[in-house]
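Here is how the chains run, residue by residue.
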Amino acid sequence: MTQLTALTELDERIERLGDLVPCRSYDPEVFFAESPADVEYAKSLCQTCPVREACLAGAKDRREPWGVWGGELFIQGVVVARKRPRGRPRKNPVVA
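The structure presented is a predicted model; accordingly, all values stated were derived computationally and were not measured.

**Side note on the pairing of strand E1 (residues 66-69)**
Here is step 1 of the chain: Direction of pairing for E1 relative to strand E2 (residues 72-75): antiparallel, over a ladder of four bridges. Note on E2: the bridge partner recorded for Gly 67 is Phe 74.
Here is step 2 of the chain: In this structure, the hairpin formed by E1 and E2 is closed by a connection of two residues, where Gly 70 is found at a positive phi of approximately 60°.

Spelled out as structure tokens, the structure:
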């Protein structure tokens, strides 16, 4: 199956499900957020999505450049565990 066919089938499935799919019922900007907290929120929204696995598989096949797809964060076409905050990492550990 070609990528276009798979994407079309997924889109049709999403249309039939309507508001049950988080990316159709929340602001799309949530899934392309900059802050780590907002990215984690977007990932949590995907956990109950009925097309989560198909979305993730399609995003991996397409090597999505960035955003949350299927409950995973993509940066430069690769799944990463967590979004790092902007700026340099600390030189010394933070003592709580």
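**Remarks on the nonpolar core**
Here is step 1 of the chain: Counting eight residues, the largest nonpolar core consists of Phe 31, Ala 33, Val 39, Ala 42, Leu 45, Cys 46, Val 68 and Leu 73.
Here is step 2 of the chain: The dominant element in this core, judged by the number of residues it contributes, is helix H3 (residues 36-46), at four residues.
Here is step 3 of the chain: Setting aside its immediate chain neighbours within four residues, Val 68 contacts Phe 31, Val 39, Ala 42, Lys 43, Cys 46 and Leu 73.

**A few points about the layout of surface pockets**
Here is step 1 of the chain: In this structure, the largest pocket occupies an estimated 320 Å³ of space.
Here is step 2 of the chain: Residue lining of the largest pocket: 20 residues in total, with Ile 14, Cys 23, Cys 55, Val 68 and Trp 69 positioned closest to the centre.
Here is step 3 of the chain: Of all elements in the fold, only helix H1 (3-17), helix H2 (22-25), helix H4 (52-62) and E1 reach the threshold of two or more residues within the lining of the largest pocket.
Here is step 4 of the chain: For the lining of the largest pocket, the leading source of residues is H1, giving four residues.
Here is step 5 of the chain: Per-class residue counts for the lining of the largest pocket are 15 nonpolar, one polar and four charged.

Rules and cut-offs
Residues numbered from 1 in each chain as written. Predicted model: local features only at pLDDT ≥ 70, side-chain atom pairs only at ≥ 80, totals over all residues. Heavy atoms only, no water. Pairing = 2+ DSSP bridges. Helix = DSSP H or I, 4+ residues; strand = E, 2+ residues; numbered from the N terminus. Core = buried A, V, L, I, M, F, W, Y, C linked by side-chain atoms within 4.5 Å. Buried < 20%, exposed > 50% of the residue type's maximum accessible area, 1.4 Å probe, protein only. Contact = heavy atoms within 4.5 Å. 1 Å grid on protein atoms, 1.4 Å probe; cavity = no way out; pocket = protein on both sides within 12 Å on 5 of 7 lines; lining within 4 Å. Points joined across faces, edges and corners; volume = space filled by probe spheres on them. Nonpolar A, V, L, I, M, F, W, Y, C, P; charged D, E, K, R; others polar.

In short, shape yes, function no, at least from these values alone.
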